[in-house]
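# Coordinate analysis (summary)
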Amino acid sequence: MFNLINPKQKYPHSRKETYNWKSPYANKVHNSILDFVGNTPLIKLNRIPKDHGLSCEIYAKCEFMNPSGSSKDRIALAMLKDAEHGGYINDDTQFVEATSGNTGTSVALNATLIEKKCYIVMGEKNSSEKVNTMRLLGADVIVTKKSPTLLAREIKDAHPDTVVMLDQFENSVNPKIHYDTTGMEIIDALGKVDVLVAGVGTGGTLSGAGHRIKEKYPKCIMVVAEPEGSTMFNVDSKSHPFLVEGIGGSSIPIVMDKSLVNEYEVVTDEESFLMAREVIQKEGLFCGGSSGAIMAAAIKTAHKNKLGPGHRIVVVLPDGMRNYMTKFVTDQWMESHLFMDPPEHTMRWWNKPINDLTLTNTYPVITDTYTCLEALLEMKNVNIAIVVNSKGWFVGAVSKDNFRNLATNPTKLPSQNSEEFNFNDPVTDHLIKDCYKLAKNGKKGMPTMGLISRMLDITPFVVIGQNIYESDEVLFLPESVATGDDILNYIFSFNNKDHRYTNLI
């Protein structure tokens with residue numbers, strides 16, 4: 001092979017090689033990116049089954065390879081075409097959709113390609129990457145503490161002649177497109193399927209693809225990956241917040257056919273994110289956190305059912321890691337949630353306990369009955385206030401920076417003026433979204449200076465305290481706040497013991 005920069009010189013390896021591979025997209029022109037919706041690859045996994053002691057076969061349906069990065073491209077395109085055929089879309093049409101992010105991105109993509117406005121309504125839990133992507137596509141994103149579905153319907157009802165709500169949770173086109181495409185693609189590529197494992201957000205994938213596969217292979221076991229804290233299928237458990245996005249909840253959506261489900265496997269956040277990272281590292285599949293939950297559920301299912309050689313499991317990987325670059329993809333985020341240990345460094349201060357910190361700054365502790373104005377009066381010359389309930393348990397934190405951010409980036413509903421920030425709102429309406437706390441008696445014992453220093457790579461402050469265990473609840477009693485300045489002061493003092501500057505910064 002010739003060096004194209006200097007043709008007279010050859011690369012060290014000059015043996016001739018023949019490449020027979022040809023891209024399936026070569027010599028073709030496509031009308032739009034939507035031509036690439038569906039027909040996602042089905043990939044046989046190699047290292048994951050082996051490393052988890054399995055002899056069965058596991059295949060990944062890579063839905064994250066749809067154009068906008070998730071399986072929701074299938075349903076958004078199908079629902080929009082159905083609305084067009086029904087005569088619901090005209091020159092004045094705008095769209096509104098409730099979503100945990102992926103359907104919103106898909107609707108925004110479709111809307112911008114046909115030059116239509118859309119409003120996406122979502123809860124506060126979901127990643128900033130999803131919000132930013134939808135806004136880049138031209139959508140107005142409304143982040144709400146209320147039910148996104150109810151607010152989306154309010155917007156639709158207020159503008160019945162112009163606003164179309166595709167409504168992924170109730171639209172029968174959702175499971176039908178998976179019946180027509182996803183299920184058939186799996187059968188055509190693989191043939192016999194012994195187990196199908198999926199997550200349930202709307203339930204469209206499992207209902208549609210599951211029905212198609214069950215028709216052909218009635219003995220196929222349908223398995224739901226249920227996040228710990230979700231009570232869709234694990235109905236006897238206690239509902240509580242979880243970090244995995246896009247799957248799980250408290251009730252079965254209308255489009256979900258629960259009768260299809262043979263089993264469910266409960267998967268923790270830690271299991272989900274560690275498995276997602278493992279799939280990325282070992283199989284090269286750039287999947288998201290819910291994909292990790294689904295893969296973890298598949299491995300549990302294989303062990304429980306003693307699936308051996310010849311048995312085939314298909315896992316649906318619904319979205320990719322792009323939406324979670326500041327979450328589970330980031331080591332410090334994983335460490336902050338105690339899902340991973342910080343790296344092993346040799347600095348003398350690195351493994352010292354956080355009890356060694358001398359925190360000279362004090363921050364007000366206010367109750368959850370305070371207004372934002374009352375909180376500001378308490379903060380005075382500091383930026384942070386800790387919010388507790390009447391019993392002193394941690395509720396969250398507020399800051400001047402966060403108030404300013406909320407005032408600068410207000411909620412704006414269609415045909416309404418931007419909302420002014422109301423300083424008489426309860427502080428609980430404006431808590432910092434990602435407030436990190438660190439218990440001295442957490443599941444890994446006394447935290448180290450290295451851990452809190454890593455946490456401060458991704459957050460301006462950390463609330464330090466104690467976990468209090470009451471019945472089946474873990475409560476948090478805040479004691480102090482540490483900032484990057486505190487850690488830098490500590491490092492300087494530790495390395496310069498003859499020059500202790502408690503207020504270096």
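For the structure itself, look to the data block above.
Just so we're clear, the structure is a prediction, and the values are computed from it rather than from any experiment.

### Remarks on the overall build of the chain
Along its length, the chain carries 14 helices and 16 strands. Whereas a compact globule of 505 residues would reach a radius of gyration of roughly 23 Å, the chain reaches 26 Å, a difference of no more than 12%. Principal-axis analysis of the C-alpha atoms gives the chain an extent of 70 × 65 × 60 Å. Here the chain, with 505 residues, has 51% of them falling under the buried criterion. Pairs at least 24 apart in sequence give 68% of the contacts found in the chain among residues at least 6 apart. Accessible area for the chain stands at about 25400 Å²; split by element, carbon and sulfur atoms hold 51% of it. With 53 positive and 60 negative side-chain charges, the chain shows a separation of 8 Å between the mean positions of the two kinds.

### Considerations on empty space enclosed by the protein
Taken as a whole, this structure holds 1 cavity of 30 Å³ or more when the rule is applied. Here the largest cavity is characterised by a volume of approximately 220 Å³. Lining the largest cavity are 22 residues, with Ser71, Lys72, Gly246, Ile247 and Pro318 sitting closest to its centre. Residues of the lining of the largest cavity, tallied by class, amount to 6 nonpolar, 13 polar and 3 charged.

### Some words on the environment of threonine 330
Mapped onto the secondary structure, threonine 330 falls in the loop between strand 10 (312-317) and helix 10 (331-336). Judged by its relative accessible area of 18%, threonine 330 is buried. Residue contacts for threonine 330: discarding those within four places in its chain leaves Arg277, Met325 and Ile458.

### Overview of the sheet that holds strand 3 (residues 94-98)
Pairing within the open sheet is parallel, and its 4 strands lie in the order 5-4-3-6. With partners counted over all chains shown, the strands left at the sheet margins are strand 5 (140-144) and strand 6 (163-165), one partner each. In this sheet, neighbouring strand axes are inclined to one another by 20° on average, regardless of whether the strands run parallel or antiparallel.

### Structural notes on the nonpolar core
Val197, Met295, Ile313, Val315, Phe328 and Ile452 are the most contacted members of the largest nonpolar core, which has 62 residues in total. By size, the runner-up hydrophobic cluster in this structure holds 22 residues, among which are Leu80, Ala108, Val131 and Val164.

### Examining a nonpolar patch on the surface
Where nonpolar side chains cluster on the molecular surface, the patch consists of Ile33, Leu113 and Ile114 and spans about 220 Å² of accessible area. Structurally, the position occupied by isoleucine 114 is in the loop between helix 3 (102-113) and strand 4 (117-123). Judged by relative accessible area, isoleucine 114 falls into the partly exposed class, the value being 31%.

### Some thoughts on the pairing of strand 9 (residues 263-267)
On any regular strand, side chains alternate: one points to one face of the sheet, the next to the other face. Going residue by residue along strand 9, you find Glu263, Glu265 and Val267 tucked away on one face and Tyr264 and Val266 left uncovered on the opposite face. The pairing of strand 8 (residues 221-227) with strand 9 spans 5 bridges and is classified as parallel. Within strand 9, the residue paired with valine 224 across the bridge is tyrosine 264.

### Looking at the sheet that holds strand 14 (residues 436-439)
Ordered by their spatial adjacency, 3 strands build an open sheet running 14-15-16, and the pairing between neighbours is mixed. At either margin of the open sheet sits one strand with a lone partner, and together these are strand 14 and strand 16 (473-483). Shown here is a sheet whose adjacent strand axes are inclined to one another by a mean of 40°, direction ignored. As paired elements, strand 15 (residues 461-470) and strand 16 share 10 bridges and run antiparallel to each other. Bridge pairing in strand 16 links glycine 465 to proline 478.

### Focus on the pattern of salt bridges
Across all of its chains, the model carries 22 salt bridges by this definition. Notably, a salt bridge pairs arginine 153 with glutamate 170, separated by 2.7 Å at the nearest N-O pair. In this pair, arginine 153 is assigned in helix 5 (residues 148-158) and glutamate 170 in the loop between strand 6 and helix 6 (173-190), connecting sequence segments 17 residues apart. Look at arginine 153 and you get partly exposed, because its relative accessible area is 26%. One connected set of salt bridges, linked through shared partners, spans Lys61, Glu63, Arg74 and Glu185.

### Points about the packing of aromatic side chains
Taken as a whole and judged by the stated rule, the model has 10 aromatic pairs. Between phenylalanine 394 and phenylalanine 476 the ring centres are 5.6 Å apart and the planes differ by 85°, which places this aromatic pair in the edge-to-face class. Taken together, the positions of phenylalanine 394 in strand 13 (residues 394-399) and phenylalanine 476 in strand 16 put the pair 82 residues apart, joining distant regions of the chain. Plain terms: the ring middles of tyrosine 490 and phenylalanine 494 are 5.9 Å apart, the flat faces sit at 35° to each other, and that makes the pair tilted. Placement of both tyrosine 490 and phenylalanine 494 in helix 14 (residues 484-495) is noted, with a separation of 4 residues, approximately one turn of the helix. By relative accessible area, tyrosine 490 is classed as buried at 12%.

### A few points about the pairing of strand 4
The buried fraction of strand 4 is high, at 6 of 7 residues. With 5 bridges connecting them, strand 3 and strand 4 associate as parallel partners. By the bridge assignment for strand 4, valine 96 is matched with tyrosine 119. Between the parallel elements strand 3 and strand 4, the chain passes through helix 3 in a crossover that is right-handed. Following the chain from strand 4 across helix 4 (residues 128-136) to the adjacent parallel strand 5, one finds a crossover that is right-handed.

### Overview of the state of the cysteines
A complete count under the given rule lists 0 disulfides for this structure. Cysteine cysteine 62 remains unbridged, with the sulfur of cysteine 287 as its closest cysteine sulfur at 8.5 Å. A disulfide-free cysteine, cysteine 435 has its sulfur positioned 15 Å from the sulfur of cysteine 372, the nearest such atom.

### Details of the side chain of threonine 99
Position of threonine 99 among the secondary structure elements: in the loop between strand 3 and helix 3. At 3.4 Å, the side chain of threonine 99 forms a polar contact with the backbone nitrogen of threonine 103. Leaving out residues up to four positions away in the same chain, threonine 99 has contacts with Gly104, Ile120, Val121, Met122, Gly123, Asn126 and Gln168.

### Some points on helix 8 (residues 269-283)
Along an α-helix, residues three or four apart share an orientation, since each turn contains 3.6 residues. Its 15 residues give helix 8 an end-to-end C-alpha distance of 21 Å, which sits within 8% of 21 Å, the value for a rise of 1.5 Å per residue. Listing the buried residues of helix 8 in full gives Asp269, Ser272, Phe273, Met275, Ala276, Arg277, Glu278, Val279, Ile280 and Glu283. Looking at the packing, one finds that the buried side of helix 8 touches helix 1 (47-51), strand 9, helix 9 (289-304) and helix 10. In the stretch just after helix 8, glycine 284 is the one whose phi turns positive, near 70°.

Reading the values: the criteria
Residues numbered from 1 in each chain as written. Predicted model: local features only at pLDDT ≥ 70, side-chain atom pairs only at ≥ 80, totals over all residues. Heavy atoms only, no water. Helix = DSSP H or I, 4+ residues; strand = E, 2+ residues; numbered from the N terminus. Rg over C-alpha atoms; globule rule 2.2 N^0.38 Å. Buried < 20%, exposed > 50% of the residue type's maximum accessible area, 1.4 Å probe, protein only. Contact = heavy atoms within 4.5 Å. Areas by Shrake-Rupley, 256 points an atom, 1.4 Å probe, with all protein chains shown as cover. Lys, Arg positive; Asp, Glu negative; His and termini not counted. Charge placed at Lys NZ, Arg CZ, Asp CG, Glu CD. 1 Å grid on protein atoms, 1.4 Å probe; cavity = no way out; pocket = protein on both sides within 12 Å on 5 of 7 lines; lining within 4 Å. Points joined across faces, edges and corners; volume = space filled by probe spheres on them. Nonpolar A, V, L, I, M, F, W, Y, C, P; charged D, E, K, R; others polar. Pairing = 2+ DSSP bridges. Axes fitted to C-alpha atoms, helices over the stretch in contact; angles between N-to-C directions. Core = buried A, V, L, I, M, F, W, Y, C linked by side-chain atoms within 4.5 Å. Patch = residues over 30% accessible without salt bridge, like charges linked within 9 Å, V, L, I, M, F, W, Y side chains within 5 Å. Salt bridge = Lys/Arg side-chain N within 4 Å of Asp/Glu carboxyl O. Phe/Tyr/Trp six-rings, centres within 6.5 Å; stacked < 30°, edge-to-face > 60°. Right-handed = clockwise from strand over helix to strand, strands pointing away. Disulfide = S-S within 2.5 Å. Polar contact = N/O pair within 3.5 Å; in protein donor to acceptor, adjacent residues only side chain to side chain. Expected span 1.5 Å × (residues − 1).

The analysis is restricted to geometry; functional conclusions fall outside its scope.
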